[in-house]
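One-letter residues, chain by chain:
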Amino acid sequence: GKRTVDSIHWKRGAALTRSSLFAHVAIRMLVHRMRHPHRLLRQRQACQARQLAPCVRLSTNRSHCLRVAAAKAEAKSSKPQPKSAKEAVEAGLLEFGQRRDYEEAVRLFKAAMDLKPSSQEAAAALFNLGCAYAKQRKFKDAAEAIGEAINSHDLKLEVALKDDDLRELRDTREWLDMMSTAKGGLSREQKVNLRAEAKAPFRLARLIIFGGLGLGAAIGLLVILGRLASAVKGGEGAPDLTESLANLSINAAAVAVFGFLVLRDLQSKERDTRVTSREEGLGQLLVSVILLLCYFLN
């Protein structure tokens, strides 16, 4: 009859045990392979191909990377190397202005600094290096290059203030830091003093006027004190004591009034300077926080 063993149907007269079933299946598989050897060969070849495929792909990718690296090295070595600082600066300007290859321009401007440039050539190399860095948005390196050109090679600050390639750099914190140390720039103390003076534009004029009047009144007071001493001693030709006392009172009052006005303006200037310095510090902190947020958001 027909018996079922582990969901496999066999047409045999008696029930098969599990061990005899496995032996029967193994024999049938062996016979099948002996009758069809070409199928077994194809299966082995397919399995080996599947196993070797990742290795082949890895080898291909690695070969491609090596070819690309070799091509880049060959292209880099094929570029003409400048022999002087002037030649390097001119080649860098060509890459910067016409080809917009800022990375190559940076390399050439750095090469110019290694070729013993004159002060003028060094100023040009550093300034254009800063412009190339600014185009790459490497603002810290750009500010350092511009600052070195100004402080060490007499580049005029006006040139950096008007150049369009440095427009984005001039809006950064790095530019403000560079301006505080650059020759011809304003230090933080100078900026604070200018802002404090802007709050009271006529303070300096008042100090000059009141100080001059107070100084004149003090000199007159000294003269009156001498006349008063002569009047107190008396004698022929001595000045009138009442007149001397009146003049003494007037000059003493003038010295006191003008001294008070000068002292008030000086105290007001000191107070405005403290407030402005605190505002400047808070403003710099706000700029730093905004730049930090922009960095993390980008």
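Cut-off values and rules
Residue numbers restart at each chain and count upward from 1, following the sequence in its written direction. Thresholds applied to this predicted model are a pLDDT of at least 70 for local features of residues and 80 or more for the giving and counting of side-chain atom pairs; totals over whole chains, interfaces and linings are not thresholded and use all residues. Side-chain measures here rest on the full set of heavy atoms in the structure, leaving out hydrogens and waters. The helix and strand labels rest on DSSP assignments: H or I over at least four residues marks a helix, E over at least two residues marks a strand, and numbering proceeds from the N terminus. Type-normalised accessible area, obtained with a 1.4 Å probe on protein chains alone, sets the label of each residue: buried when under 20%, exposed when over 50%, and partly exposed for intermediate values. Two residues form a contact once any of their heavy atoms are found within 4.5 Å. Working rule for helices: expected span equals 1.5 Å times residues minus one. The working definition used for a salt bridge is a side-chain nitrogen of Lys or Arg within 4 Å of a carboxyl oxygen of Asp or Glu. Buried residues of nine kinds, namely Ala, Val, Leu, Ile, Met, Phe, Trp, Tyr and Cys, make up a nonpolar core once their side-chain atoms join them within 4.5 Å. Patch construction takes residues with relative accessible area above 30% that form no salt bridge. Like charges are linked within 9 Å, and nonpolar side chains (Val, Leu, Ile, Met, Phe, Trp, Tyr) are linked within 5 Å. In these tables, accessible area is a Shrake-Rupley quantity obtained with a 1.4 Å probe, and a residue counts as shielded only by the protein chains included in the view. Fitted lines through C-alpha atoms give the axes, limited to the stretch in contact for helices. The angle between two N-to-C directions lies from 0 to 180 degrees. Each angle gets one of four labels, with under 35 degrees taken as roughly parallel, over 145 as roughly antiparallel, 65 to 115 as roughly perpendicular, and the rest as oblique. Less than a right angle of anticlockwise turn of the near helix away from the far helix marks a crossing as left-handed, whereas a clockwise turn marks it as right-handed. Residue polarity follows a fixed list, in which Ala, Val, Leu, Ile, Met, Phe, Trp, Tyr, Cys and Pro are nonpolar, Asp, Glu, Lys and Arg are charged, and the others, Gly among them, are polar.

**Comments concerning the overall build of the protein chain**
On a plain count of helices and strands, the protein chain comes out with 11 helices and 2 strands. For the protein chain, the sequential pattern of α-helices and β-strands runs β-β-α-α-α-α-α-α-α-α-α-α-α. Among the 298 residues that make up the protein chain, the fraction classed as buried is 27%. Expressed as a percentage of contacts within the protein chain between residues at least 6 apart in sequence, the contacts between residues at least 24 apart total 56%.

**Details of helix 5 (residues 119-135)**
End to end, helix 5 covers 24 Å across 17 residues, agreeing with the expected 24 Å (1.5 Å per residue, within 8%). In terms of residue burial, helix 5 counts as a mostly covered element, since 12 of its 17 residues are buried. Within helix 5, the full set of buried residues consists of Ala122, Ala123, Ala125, Leu126, Phe127, Asn128, Leu129, Gly130, Cys131, Ala132, Tyr133 and Ala134. Contact partners of the buried residues in helix 5: helix 3 (85-99), helix 4 (102-113), helix 6 (139-153) and helix 7 (157-162). Note on helix 5: the residue one or two positions beyond its end, arginine 137, has a positive phi of about 65°.

**Digging into helix 3**
Given a rise of 1.5 Å per residue, 15 residues ought to cover 21 Å, and the 20 Å separating the end C-alpha atoms of helix 3 matches this to within 8%. In this structure, the buried residues of helix 3 make contact with helix 4 and helix 5. Phi for arginine 100, located one or two positions after helix 3, is positive at around 55°.

**Let's talk about the environment of glutamate 189**
Along the chain, glutamate 189 falls in helix 9 (residues 188-199). Overall, the relative accessible area of 53% leaves glutamate 189 in the exposed class. A C-alpha to C-alpha distance of 8.1 Å links glutamate 189 and serine 277, two positions 88 residues apart in sequence.

**Concerning the pattern of salt bridges**
Throughout the structure, instances matching the rule amount to 10 salt bridges. Of the charged contacts in the structure, one is a salt bridge between lysine 135 and aspartate 165, with a shortest N-O distance of 3.6 Å. With lysine 135 in helix 5 and aspartate 165 in the loop between helix 7 and helix 8 (173-179), the pair connects residues that are 30 residues apart, well separated along the chain. For lysine 135, a relative accessible area of 36% translates into the label partly exposed.

**Points about the nonpolar core**
Where a protein is soluble and globular, its nonpolar side chains tend to be buried together. Formed by 33 residues in total, the largest nonpolar core has its most connected members in Ile146, Leu166, Leu169 and Met178. Of all the elements in the fold, those that place two or more residues in this core are helix 3, helix 4, helix 5, helix 6, helix 7 and helix 8. The contacts of leucine 169, once residues within four sequence positions are left out, are Ala134, Phe139, Ala142, Ala143 and Trp175. Core analysis: the second largest hydrophobic core is formed by 5 residues, Leu207, Phe210, Leu261 and Val262 among them.

**Focus on a nonpolar patch on the surface**
On the surface, Leu282, Leu285, Val289, Leu293 and Leu297 cluster together into a nonpolar patch covering about 530 Å² of accessible area. In this fold, leucine 293 is placed in helix 11 (residues 241-297).

**Observations concerning the packing of helix 3 against helix 4**
As a packed pair, helix 3 and helix 4 sit with axes 8 Å apart at the nearest point and diverge in direction by 165°. Compared by their axis directions, helix 3 and helix 4 come out roughly antiparallel. Pair helix 3 / helix 4 crosses with left-handed handedness. Packed against helix 3, whose contacting residues are Ala85, Ala88, Val89, Ala91, Gly92, Leu93, Glu95 and Phe96, the element helix 4 presents Tyr102, Glu104, Ala105, Leu108, Phe109 and Ala112 at the interface. Considered class by class, the residues forming the contact of helix 3 with helix 4 number 11 nonpolar, 1 polar and 2 charged.

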